[in-house]
Amino acid sequence: MDVLVINCGSSSLKYQLIDTDTEKVMAKGICERIGVDGLFTYKPTGGMAIKKAEFDMPTHTEAVQHVIDTLTDPENGVIESLDDIAAVGHRIVHGGEKFAESVIIDDEVIKEVEECSALAPLHNPANVIGIKTCMKLMPNAPQIGVFDTAFHQTMRDYVYTYAIPYEYYEKYKVRRYGFHGTSHSFVSKRLAEVCDIDLDTSKLIVCHLGGGASVTAVYRGKSFDTSMGLTPLEGLAMGTRSGDIDIGAINYIAEKEGMSFEEIMDMLNKKSGVLGISGNSSDFRDLWNSRAVGDERSGLALDVFCYRLIKYVGAYIAAMNGVDAIAFTAGIGENDEGVRQRVIDKLNYMGVFLDGEANQARYGKEVRISTPDSKIPVWVIPTDEELAIARETAALLK
Ligand code: ADP
(Lines give C-alpha, C1' and ligand atoms only; values in the text may rest on other atoms or scores of the structure.)
Protein backbone atom coordinates (compact mmCIF):
# COMPACT_ATOMS: atom_id res chain seq x y z
CA MET A 1 0.00 0.00 0.00
CA ASP A 2 1.24 3.51 -0.82
CA VAL A 3 1.41 5.64 2.31
CA LEU A 4 2.12 9.36 2.28
CA VAL A 5 4.05 10.35 5.39
CA ILE A 6 3.71 13.98 6.44
CA ASN A 7 5.82 15.80 9.02
CA CYS A 8 4.59 19.36 9.42
CA GLY A 9 6.58 22.10 11.10
CA SER A 10 5.44 25.68 11.59
CA SER A 11 6.81 26.77 8.20
CA SER A 12 7.85 23.47 6.66
CA LEU A 13 6.40 20.17 5.50
CA LYS A 14 8.52 17.07 4.97
CA TYR A 15 6.94 14.27 2.98
CA GLN A 16 7.69 10.76 1.76
CA LEU A 17 5.61 8.39 -0.31
CA ILE A 18 6.40 4.84 0.81
CA ASP A 19 5.21 1.54 -0.62
CA THR A 20 4.73 -0.39 2.62
CA ASP A 21 4.70 -3.78 0.87
CA THR A 22 8.28 -3.38 -0.35
CA GLU A 23 9.20 -0.63 2.15
CA LYS A 24 10.68 1.34 -0.75
CA VAL A 25 10.58 5.14 -0.75
CA MET A 26 8.90 6.14 -4.03
CA ALA A 27 9.51 9.86 -3.65
CA LYS A 28 10.36 12.34 -0.95
CA GLY A 29 10.98 16.02 -0.41
CA ILE A 30 10.35 19.07 1.64
CA CYS A 31 8.35 22.29 1.38
CA GLU A 32 10.21 24.99 3.25
CA ARG A 33 9.65 28.64 4.00
CA ILE A 34 5.87 28.22 3.73
CA GLY A 35 4.30 31.65 4.05
CA VAL A 36 7.68 33.28 3.44
CA ASP A 37 9.19 32.83 -0.02
CA GLY A 38 8.46 29.12 -0.63
CA LEU A 39 11.15 26.54 -1.38
CA PHE A 40 9.94 23.23 -2.81
CA THR A 41 12.06 20.12 -3.32
CA TYR A 42 11.04 16.74 -4.70
CA LYS A 43 13.06 13.61 -5.38
CA PRO A 44 11.49 10.59 -7.02
CA THR A 45 13.53 7.43 -6.41
CA GLY A 46 15.60 6.80 -9.51
CA GLY A 47 14.41 10.05 -11.12
CA MET A 48 15.48 13.64 -11.45
CA ALA A 49 15.27 15.87 -8.41
CA ILE A 50 13.21 19.05 -8.68
CA LYS A 51 13.90 22.22 -6.75
CA LYS A 52 11.74 25.33 -7.00
CA ALA A 53 12.73 28.48 -5.17
CA GLU A 54 10.44 31.49 -4.71
CA PHE A 55 7.55 29.10 -5.09
CA ASP A 56 4.10 30.37 -4.18
CA MET A 57 3.13 28.55 -0.95
CA PRO A 58 1.34 31.06 1.29
CA THR A 59 -0.06 28.28 3.51
CA HIS A 60 0.30 24.54 4.11
CA THR A 61 -2.73 23.97 1.86
CA GLU A 62 -0.86 25.08 -1.26
CA ALA A 63 2.15 23.06 -0.11
CA VAL A 64 0.18 19.81 0.21
CA GLN A 65 -1.63 20.54 -3.06
CA HIS A 66 1.70 20.94 -4.79
CA VAL A 67 3.06 17.73 -3.28
CA ILE A 68 0.01 15.87 -4.62
CA ASP A 69 0.24 17.54 -8.04
CA THR A 70 3.91 16.62 -8.32
CA LEU A 71 3.42 13.02 -7.14
CA THR A 72 0.72 12.55 -9.82
CA ASP A 73 2.42 14.59 -12.54
CA PRO A 74 2.54 12.56 -15.82
CA GLU A 75 6.17 13.47 -16.39
CA ASN A 76 7.82 13.49 -12.94
CA GLY A 77 5.21 11.75 -10.80
CA VAL A 78 5.39 8.26 -9.28
CA ILE A 79 1.66 7.49 -9.06
CA GLU A 80 -1.19 7.89 -11.52
CA SER A 81 -3.80 9.51 -9.35
CA LEU A 82 -4.58 10.68 -5.86
CA ASP A 83 -6.58 7.50 -5.28
CA ASP A 84 -3.29 5.54 -5.29
CA ILE A 85 -2.48 7.08 -1.89
CA ALA A 86 -4.05 4.51 0.44
CA ALA A 87 -3.47 6.50 3.64
CA VAL A 88 -1.61 9.43 5.13
CA GLY A 89 0.57 9.00 8.22
CA HIS A 90 1.15 12.16 10.25
CA ARG A 91 3.92 12.72 12.73
CA ILE A 92 2.41 14.42 15.76
CA VAL A 93 4.80 15.71 18.40
CA HIS A 94 2.78 15.76 21.63
CA GLY A 95 0.03 13.31 22.48
CA GLY A 96 0.04 14.09 26.21
CA GLU A 97 -1.43 11.25 28.28
CA LYS A 98 -4.21 10.76 25.75
CA PHE A 99 -2.29 8.81 23.15
CA ALA A 100 -0.24 5.75 24.02
CA GLU A 101 -0.61 4.40 20.47
CA SER A 102 -1.12 5.57 16.91
CA VAL A 103 -4.73 6.37 15.98
CA ILE A 104 -7.00 6.85 13.00
CA ILE A 105 -7.69 10.57 13.05
CA ASP A 106 -11.23 11.91 13.32
CA ASP A 107 -12.64 15.19 14.60
CA GLU A 108 -12.42 13.99 18.21
CA VAL A 109 -8.71 13.16 17.80
CA ILE A 110 -8.04 16.57 16.24
CA LYS A 111 -9.70 18.20 19.23
CA GLU A 112 -7.53 16.21 21.62
CA VAL A 113 -4.35 17.01 19.68
CA GLU A 114 -5.32 20.66 19.84
CA GLU A 115 -5.77 20.32 23.59
CA CYS A 116 -2.18 19.02 23.81
CA SER A 117 -0.96 22.16 22.00
CA ALA A 118 -0.34 23.91 25.30
CA LEU A 119 2.39 21.29 25.93
CA ALA A 120 4.01 21.76 22.47
CA PRO A 121 3.02 25.21 21.23
CA LEU A 122 5.57 25.25 18.41
CA HIS A 123 4.72 21.83 17.02
CA ASN A 124 1.17 20.60 17.62
CA PRO A 125 -0.62 23.51 15.89
CA ALA A 126 1.50 22.89 12.78
CA ASN A 127 0.70 19.17 12.93
CA VAL A 128 -3.01 19.97 13.09
CA ILE A 129 -2.75 22.25 10.06
CA GLY A 130 -1.12 19.39 8.12
CA ILE A 131 -3.86 16.97 9.17
CA LYS A 132 -6.73 19.31 8.31
CA THR A 133 -5.17 20.16 4.95
CA CYS A 134 -4.73 16.51 4.00
CA MET A 135 -8.29 15.71 5.12
CA LYS A 136 -9.59 18.45 2.86
CA LEU A 137 -7.51 17.50 -0.17
CA MET A 138 -7.69 13.72 0.29
CA PRO A 139 -11.10 13.10 1.86
CA ASN A 140 -11.05 9.40 0.91
CA ALA A 141 -7.66 8.53 2.42
CA PRO A 142 -7.63 7.59 6.11
CA GLN A 143 -5.38 9.87 8.16
CA ILE A 144 -3.29 8.26 10.88
CA GLY A 145 -1.60 10.06 13.76
CA VAL A 146 1.74 8.74 15.06
CA PHE A 147 2.91 10.47 18.24
CA ASP A 148 6.48 11.24 19.37
CA THR A 149 5.37 10.81 22.97
CA ALA A 150 3.34 7.58 22.60
CA PHE A 151 6.20 5.09 23.03
CA HIS A 152 7.09 6.65 26.39
CA GLN A 153 3.61 6.28 27.86
CA THR A 154 4.82 3.04 29.47
CA MET A 155 7.02 4.97 31.91
CA ARG A 156 6.12 4.33 35.56
CA ASP A 157 4.72 7.12 37.74
CA TYR A 158 7.92 7.42 39.80
CA VAL A 159 9.87 7.89 36.56
CA TYR A 160 7.68 10.58 35.05
CA THR A 161 6.70 12.53 38.19
CA TYR A 162 8.54 15.80 38.86
CA ALA A 163 9.33 16.49 42.52
CA ILE A 164 7.12 19.59 42.68
CA PRO A 165 3.68 20.04 44.30
CA TYR A 166 1.52 17.22 42.98
CA GLU A 167 -1.36 19.56 42.23
CA TYR A 168 0.44 20.75 39.05
CA TYR A 169 0.24 17.24 37.70
CA GLU A 170 -3.39 16.91 38.76
CA LYS A 171 -4.41 20.29 37.37
CA TYR A 172 -2.21 20.62 34.26
CA LYS A 173 -0.66 17.18 33.63
CA VAL A 174 2.81 18.58 34.26
CA ARG A 175 5.05 15.49 34.16
CA ARG A 176 7.79 13.98 32.04
CA TYR A 177 6.60 12.70 28.64
CA GLY A 178 9.69 12.14 26.47
CA PHE A 179 10.08 12.54 22.69
CA HIS A 180 11.65 10.86 19.64
CA GLY A 181 9.45 7.89 20.59
CA THR A 182 9.02 6.70 17.00
CA SER A 183 12.78 6.59 16.58
CA HIS A 184 13.51 4.97 19.96
CA SER A 185 10.90 2.31 19.26
CA PHE A 186 12.15 1.64 15.71
CA VAL A 187 15.83 1.50 16.71
CA SER A 188 15.30 -0.62 19.84
CA LYS A 189 13.38 -3.25 17.84
CA ARG A 190 16.06 -3.32 15.19
CA LEU A 191 18.82 -3.47 17.83
CA ALA A 192 17.25 -6.55 19.36
CA GLU A 193 17.01 -8.12 15.90
CA VAL A 194 20.60 -7.50 14.84
CA CYS A 195 21.88 -8.68 18.23
CA ASP A 196 19.59 -11.72 18.17
CA ILE A 197 18.18 -10.75 21.57
CA ASP A 198 14.58 -11.40 22.65
CA LEU A 199 13.09 -7.90 22.85
CA ASP A 200 10.54 -9.00 25.46
CA THR A 201 13.21 -9.91 28.02
CA SER A 202 15.87 -7.38 27.03
CA LYS A 203 17.42 -4.26 28.55
CA LEU A 204 18.45 -1.81 25.83
CA ILE A 205 19.70 1.77 25.67
CA VAL A 206 19.10 3.93 22.59
CA CYS A 207 21.01 7.19 22.11
CA HIS A 208 19.16 9.34 19.55
CA LEU A 209 21.66 12.13 18.93
CA GLY A 210 20.54 14.69 16.36
CA GLY A 211 19.82 18.41 16.51
CA GLY A 212 17.59 17.42 19.41
CA ALA A 213 19.01 14.54 21.42
CA SER A 214 17.61 12.03 23.89
CA VAL A 215 18.55 8.72 25.50
CA THR A 216 15.99 6.03 26.30
CA ALA A 217 16.16 2.99 28.54
CA VAL A 218 14.05 0.32 26.84
CA TYR A 219 13.14 -2.45 29.29
CA ARG A 220 11.44 -5.55 27.88
CA GLY A 221 10.61 -3.68 24.68
CA LYS A 222 8.97 -0.77 26.48
CA SER A 223 10.21 2.70 27.29
CA PHE A 224 11.27 2.67 30.94
CA ASP A 225 12.90 6.09 31.14
CA THR A 226 13.95 8.78 28.70
CA SER A 227 15.96 11.95 29.07
CA MET A 228 13.46 14.51 27.72
CA GLY A 229 10.61 15.76 29.88
CA LEU A 230 7.41 17.76 29.62
CA THR A 231 9.06 19.44 26.62
CA PRO A 232 12.11 18.51 24.53
CA LEU A 233 14.28 20.85 26.62
CA GLU A 234 15.20 18.46 29.43
CA GLY A 235 18.09 16.01 29.46
CA LEU A 236 21.19 16.03 27.30
CA ALA A 237 22.98 19.16 26.17
CA MET A 238 21.92 19.53 22.52
CA GLY A 239 22.73 21.57 19.43
CA THR A 240 21.07 24.72 20.75
CA ARG A 241 19.12 23.50 23.82
CA SER A 242 20.52 23.57 27.33
CA GLY A 243 19.14 20.26 28.58
CA ASP A 244 19.16 19.85 32.39
CA ILE A 245 19.88 23.05 34.28
CA ASP A 246 19.38 24.39 37.80
CA ILE A 247 16.35 26.70 37.64
CA GLY A 248 18.10 28.82 40.27
CA ALA A 249 20.71 29.73 37.65
CA ILE A 250 17.94 30.86 35.32
CA ASN A 251 16.40 33.06 37.96
CA TYR A 252 19.81 34.58 38.66
CA ILE A 253 20.52 35.32 34.98
CA ALA A 254 17.05 36.77 34.46
CA GLU A 255 17.55 39.16 37.36
CA LYS A 256 21.05 40.18 36.31
CA GLU A 257 20.16 40.69 32.64
CA GLY A 258 16.60 41.91 33.14
CA MET A 259 15.33 39.20 30.84
CA SER A 260 11.67 38.31 30.43
CA PHE A 261 10.50 34.72 30.71
CA GLU A 262 10.07 34.59 26.95
CA GLU A 263 13.64 35.75 26.40
CA ILE A 264 14.86 33.14 28.87
CA MET A 265 12.98 30.34 27.06
CA ASP A 266 14.34 31.54 23.74
CA MET A 267 17.88 31.54 25.16
CA LEU A 268 17.50 28.02 26.59
CA ASN A 269 15.98 26.61 23.40
CA LYS A 270 17.87 28.39 20.65
CA LYS A 271 21.09 29.88 22.00
CA SER A 272 22.30 27.25 24.46
CA GLY A 273 23.65 23.71 24.15
CA VAL A 274 26.92 23.22 22.28
CA LEU A 275 26.23 26.40 20.30
CA GLY A 276 25.97 28.42 23.50
CA ILE A 277 29.11 26.99 25.05
CA SER A 278 31.27 27.14 21.93
CA GLY A 279 29.93 30.43 20.59
CA ASN A 280 30.81 28.76 17.30
CA SER A 281 28.31 26.25 15.91
CA SER A 282 25.64 23.72 16.76
CA ASP A 283 27.06 21.34 14.15
CA PHE A 284 29.38 18.70 15.54
CA ARG A 285 31.52 18.65 12.40
CA ASP A 286 32.36 22.32 12.98
CA LEU A 287 33.08 21.71 16.65
CA TRP A 288 35.58 18.89 16.01
CA ASN A 289 37.26 20.94 13.26
CA SER A 290 37.57 24.02 15.45
CA ARG A 291 38.81 21.96 18.37
CA ALA A 292 41.49 20.45 16.13
CA VAL A 293 42.89 23.93 15.45
CA GLY A 294 42.92 24.86 19.11
CA ASP A 295 39.49 26.40 19.78
CA GLU A 296 39.11 25.54 23.46
CA ARG A 297 35.45 26.40 23.79
CA SER A 298 34.50 24.10 20.94
CA GLY A 299 36.44 21.42 22.80
CA LEU A 300 34.61 22.27 26.03
CA ALA A 301 31.22 22.05 24.25
CA LEU A 302 32.11 18.55 23.05
CA ASP A 303 33.30 17.59 26.54
CA VAL A 304 30.06 18.79 28.14
CA PHE A 305 27.92 16.98 25.55
CA CYS A 306 29.80 13.69 25.88
CA TYR A 307 30.04 13.80 29.66
CA ARG A 308 26.32 14.28 30.10
CA LEU A 309 25.59 11.55 27.57
CA ILE A 310 27.86 9.18 29.49
CA LYS A 311 26.06 10.05 32.74
CA TYR A 312 22.67 9.23 31.23
CA VAL A 313 23.91 5.92 29.83
CA GLY A 314 25.38 5.05 33.22
CA ALA A 315 22.19 6.08 35.00
CA TYR A 316 20.07 3.90 32.75
CA ILE A 317 22.32 0.90 33.22
CA ALA A 318 21.75 1.36 36.95
CA ALA A 319 18.01 1.99 36.53
CA MET A 320 17.54 -1.26 34.59
CA ASN A 321 20.02 -3.20 36.72
CA GLY A 322 22.09 -3.93 33.63
CA VAL A 323 22.04 -3.58 29.86
CA ASP A 324 22.12 -6.11 26.99
CA ALA A 325 22.90 -3.80 24.06
CA ILE A 326 23.34 -0.13 23.21
CA ALA A 327 22.53 1.73 19.98
CA PHE A 328 23.55 5.09 18.54
CA THR A 329 21.32 6.78 16.00
CA ALA A 330 20.43 10.11 14.21
CA GLY A 331 22.85 12.65 12.72
CA ILE A 332 25.49 12.62 15.45
CA GLY A 333 24.88 9.04 16.58
CA GLU A 334 25.22 7.71 13.03
CA ASN A 335 28.22 9.81 12.02
CA ASP A 336 30.28 11.05 14.90
CA GLU A 337 32.92 8.48 15.75
CA GLY A 338 34.47 10.78 18.36
CA VAL A 339 31.30 10.98 20.46
CA ARG A 340 30.76 7.22 20.21
CA GLN A 341 34.33 6.50 21.19
CA ARG A 342 34.11 8.62 24.33
CA VAL A 343 30.97 6.83 25.50
CA ILE A 344 32.31 3.35 24.85
CA ASP A 345 35.63 4.12 26.52
CA LYS A 346 33.68 4.75 29.72
CA LEU A 347 32.14 1.30 29.49
CA ASN A 348 35.49 -0.51 29.60
CA TYR A 349 34.83 -1.24 33.30
CA MET A 350 32.03 -3.58 32.27
CA GLY A 351 34.01 -5.30 29.54
CA VAL A 352 32.83 -3.24 26.57
CA PHE A 353 35.49 -2.09 24.09
CA LEU A 354 35.49 -0.07 20.89
CA ASP A 355 36.25 -1.64 17.50
CA GLY A 356 38.15 1.35 16.08
CA GLU A 357 37.82 0.32 12.45
CA ALA A 358 34.10 -0.43 12.59
CA ASN A 359 33.60 2.89 14.37
CA GLN A 360 34.46 4.78 11.16
CA ALA A 361 30.83 4.10 10.11
CA ARG A 362 28.83 6.81 8.37
CA TYR A 363 25.20 7.48 7.49
CA GLY A 364 22.89 4.72 6.53
CA LYS A 365 24.93 1.76 7.71
CA GLU A 366 24.08 -0.69 10.45
CA VAL A 367 27.32 -1.68 12.09
CA ARG A 368 28.52 -3.20 15.32
CA ILE A 369 31.15 -0.88 16.80
CA SER A 370 32.11 -2.89 19.89
CA THR A 371 34.76 -5.60 19.64
CA PRO A 372 33.46 -9.15 19.06
CA ASP A 373 34.53 -10.21 22.57
CA SER A 374 32.86 -7.25 24.32
CA LYS A 375 30.48 -8.26 27.11
CA ILE A 376 27.62 -6.44 25.43
CA PRO A 377 27.25 -5.29 21.80
CA VAL A 378 27.14 -1.63 20.80
CA TRP A 379 25.68 -0.80 17.39
CA VAL A 380 25.06 2.10 15.06
CA ILE A 381 21.46 1.68 13.86
CA PRO A 382 20.27 4.32 11.38
CA THR A 383 16.88 5.61 12.37
CA ASP A 384 14.04 5.92 9.86
CA GLU A 385 11.12 7.74 11.42
CA GLU A 386 9.23 8.01 8.12
CA LEU A 387 9.39 4.27 7.52
CA ALA A 388 8.30 3.68 11.10
CA ILE A 389 5.30 6.00 10.58
CA ALA A 390 4.42 4.28 7.29
CA ARG A 391 4.60 0.86 8.99
CA GLU A 392 2.38 2.04 11.85
CA THR A 393 -0.09 3.48 9.35
CA ALA A 394 -0.28 0.27 7.33
CA ALA A 395 -0.50 -1.88 10.46
CA LEU A 396 -3.35 0.17 11.88
CA LEU A 397 -5.35 -0.11 8.68
CA LYS A 398 -4.93 -3.88 8.57
P1 ADP B 1 17.53 16.64 13.36
O2 ADP B 1 17.44 16.32 14.83
O3 ADP B 1 17.48 18.09 13.08
O4 ADP B 1 16.64 15.79 12.50
P5 ADP B 1 19.82 15.04 12.47
O6 ADP B 1 19.45 13.77 13.14
O7 ADP B 1 19.87 15.05 11.00
O8 ADP B 1 19.00 16.28 12.97
O9 ADP B 1 21.24 15.49 13.03
C10 ADP B 1 21.83 16.70 12.62
C11 ADP B 1 23.15 16.87 13.32
O12 ADP B 1 24.00 15.73 13.07
C13 ADP B 1 23.96 18.05 12.80
O14 ADP B 1 23.63 19.22 13.47
C15 ADP B 1 25.38 17.64 13.10
O16 ADP B 1 25.74 18.11 14.39
C17 ADP B 1 25.35 16.13 13.15
N18 ADP B 1 26.12 15.52 12.04
C19 ADP B 1 25.73 15.30 10.79
N20 ADP B 1 26.72 14.73 10.07
C21 ADP B 1 27.77 14.60 10.90
C22 ADP B 1 29.11 14.10 10.76
N23 ADP B 1 29.55 13.60 9.63
N24 ADP B 1 29.90 14.13 11.85
C25 ADP B 1 29.44 14.63 13.01
N26 ADP B 1 28.22 15.11 13.21
C27 ADP B 1 27.39 15.11 12.17
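None of the values given here were measured: they were computed from a predicted structure.

Engineer: Mind laying out the packing of helix H1 (residues 60-71) against helix H3 (residues 124-137), listing which residues take part and the relevant values?
Structural biologist: Packed helices, taken two at a time, are described by their axes: the angle between them and the distance between them. Where H1 contacts H3, the axes come no closer than 9 Å and their chain directions differ by 50 degrees. One finds that H1 runs oblique with respect to H3. Two packed elements cross with a definite hand, and for H1 against H3 that hand is right-handed. Contacts between H1 and H3 involve His60, Thr61, Val64, Gln65 and Ile68 from the former and Ile129, Thr133, Cys134, Lys136 and Leu137 from the latter. Class assignment for the residues of the contact of H1 with H3 results in five nonpolar, four polar and one charged.

Engineer: Outline the pattern of salt bridges, listing residues and values.
Structural biologist: Here the structure, examined in full by the defined rule, presents 16 salt bridges. Its salt-bridge partner being Arg175, residue Glu97 comes within 2.9 Å of it at the nearest N-O pair. On the criterion of sequence distance, the pair formed by Glu97 in the loop between strand S6 (85-92) and strand S7 (103-104) and Arg175 in the loop between helix H5 (167-172) and helix H6 (181-195) is long-range, its members being 78 residues apart. Ionic pairing is found between Asp303 and Arg342, a salt bridge with its closest N-O pair at 2.7 Å. Here the residue Asp303 occupies a position in helix H11 (residues 296-319), and Arg342 occupies one in helix H13 (residues 337-345), the gap between them amounting to 39 residues. By relative accessible area, Asp303 is classed as partly exposed at 36%. Counted as one network, the salt bridges with shared partners bring together Glu97, Lys173 and Arg175.

Engineer: Residue-level account of the environment of Val194, with values.
Structural biologist: Summarising the element assignment, Val194 is placed in helix H6. Expressed as a C-alpha distance, the spacing of Val194 and Val367, which sit 173 residues apart in the sequence, is 9.3 Å. With residues up to four places along the chain from it excluded, the contact list for Val194 reads Glu366, Trp379 and Ile381.

Engineer: Before we move on, could you go through the environment of Asp198 and cite the residues and values that matter?
Structural biologist: Inspection of the secondary structure assignment puts Asp198 in the loop between H6 and strand S9 (203-209). Distance in space between the C-alpha atoms of Asp198 and Arg220 is 8.5 Å, their sequence separation being 22 residues.

Engineer: Before we move on, can you summarise the packing of aromatic side chains with the specific residues and values?
Structural biologist: With the rule as written, the count across this model stands at eight aromatic pairs. Each ring, one from Phe40 and one from Phe55, has its centre 5.9 Å from the other, and the planes form 35 degrees; the classification is tilted. Taken together, the positions of Phe40 in strand S4 (residues 39-44) and Phe55 in the loop between strand S5 (50-52) and H1 put the pair 15 residues apart, joining distant regions of the chain. Taken together, a centroid distance of 6.1 Å and an interplanar angle of 45 degrees make the contact between Tyr160 and Tyr169 tilted.

Engineer: A description of the sheet that holds strand S14 (residues 378-380) should follow, citing residues and the corresponding values.
Structural biologist: Paired through backbone hydrogen bonds, the strands of a sheet run either parallel or antiparallel to each other. Judged by pairing direction, the sheet is mixed, and its six strands sit side by side in the order S11-S10-S9-S12-S14-S13 without closing on themselves. Taken across any chain shown, the strands that pair with only one partner, and hence form the sheet edges, are strand S11 (222-226) and strand S13 (367-368). Sheet analysis places S13 next to S14, joined by two bridges and oriented antiparallel. Counterpart to Val367 in the pairing with S14 is Val380.

Engineer: Let's hear about the side chain of Arg176: which residues, and what values?
Structural biologist: Counting through the fold element by element, Arg176 comes out in the loop between H5 and H6. Here Asp225 takes part through its side chain, which lies 3.1 Å from a polar atom of the side chain of Arg176. Polar contacts involving the side chain of Arg176 include one to the main-chain carbonyl oxygen of Met228, which spans 3.1 Å. In this structure, Arg176 is in contact with Met155, Val159, Tyr160, Tyr162, Asp225, Thr226, Ser227, Met228, Gly229, Leu230 and Glu234, ignoring residues within four places of it in sequence.

Engineer: Any details on the side chain of His152? Residues and values, ideally.
Structural biologist: Relative to the helices and strands, His152 resides in the loop between strand S8 (143-147) and helix H4 (157-160). Its relative accessible area of 0% is what places His152 among the buried residues. Polar side-chain contacts of His152 include one of 2.9 Å to the backbone oxygen of Phe179. A polar contact of 2.7 Å, which involves the side chain of His152, links it to the side chain of Ser223.

Engineer: So what about the pairing of S8? Which residues, and what values?
Structural biologist: Among the five residues in S8, five count as buried, and that is most of the element. The alternating pattern of S8 places Gln143, Gly145 and Phe147 and Ile144 and Val146 on opposite faces, both of which are buried. Across five bridges, S6 lies against S8 in parallel orientation. Bridged to His90 within S8 is Gly145. Of the strand pairs in this sheet, S7 and S8 are connected by two bridges, and their pairing is antiparallel. Note on S8: the bridge partner recorded for Ile104 is Ile144.

Engineer: A description of the site of the ligand should follow, citing residues and the corresponding values.
Structural biologist: Looking at the ligand, there are 13 residues lining it, with Gly211, Phe284, Arg285, Gly331 and Asn335 nearest. Taking Arg285, its side chain carries an N or O atom lying 3.4 Å from a nitrogen atom of the ligand. At a separation of 2.9 Å, an oxygen atom of the ligand approaches a polar backbone atom of Gly331. When the free accessible area of the ligand is taken as 580 Å², the share hidden by the protein chains comes to 69%. For the shell around the ligand, the leading source of residues is helix H12 (residues 330-335), giving four residues. Among the residues forming the shell around the ligand, the class breakdown is four nonpolar, six polar and three charged.

Procedures and definitions
Residues numbered from 1 in each chain as written. Predicted model: local features only at pLDDT ≥ 70, side-chain atom pairs only at ≥ 80, totals over all residues. Heavy atoms only, no water. Axes fitted to C-alpha atoms, helices over the stretch in contact; angles between N-to-C directions. Helix = DSSP H or I, 4+ residues; strand = E, 2+ residues; numbered from the N terminus. Parallel < 35°, antiparallel > 145°, perpendicular 65-115°, else oblique. Left-handed = near helix turned anticlockwise from the far one by under 90°. Contact = heavy atoms within 4.5 Å. Nonpolar A, V, L, I, M, F, W, Y, C, P; charged D, E, K, R; others polar. Salt bridge = Lys/Arg side-chain N within 4 Å of Asp/Glu carboxyl O. Buried < 20%, exposed > 50% of the residue type's maximum accessible area, 1.4 Å probe, protein only. Phe/Tyr/Trp six-rings, centres within 6.5 Å; stacked < 30°, edge-to-face > 60°. Pairing = 2+ DSSP bridges. Polar contact = N/O pair within 3.5 Å; in protein donor to acceptor, adjacent residues only side chain to side chain. Near = heavy atom within 4 Å. Areas by Shrake-Rupley, 256 points an atom, 1.4 Å probe, with all protein chains shown as cover.

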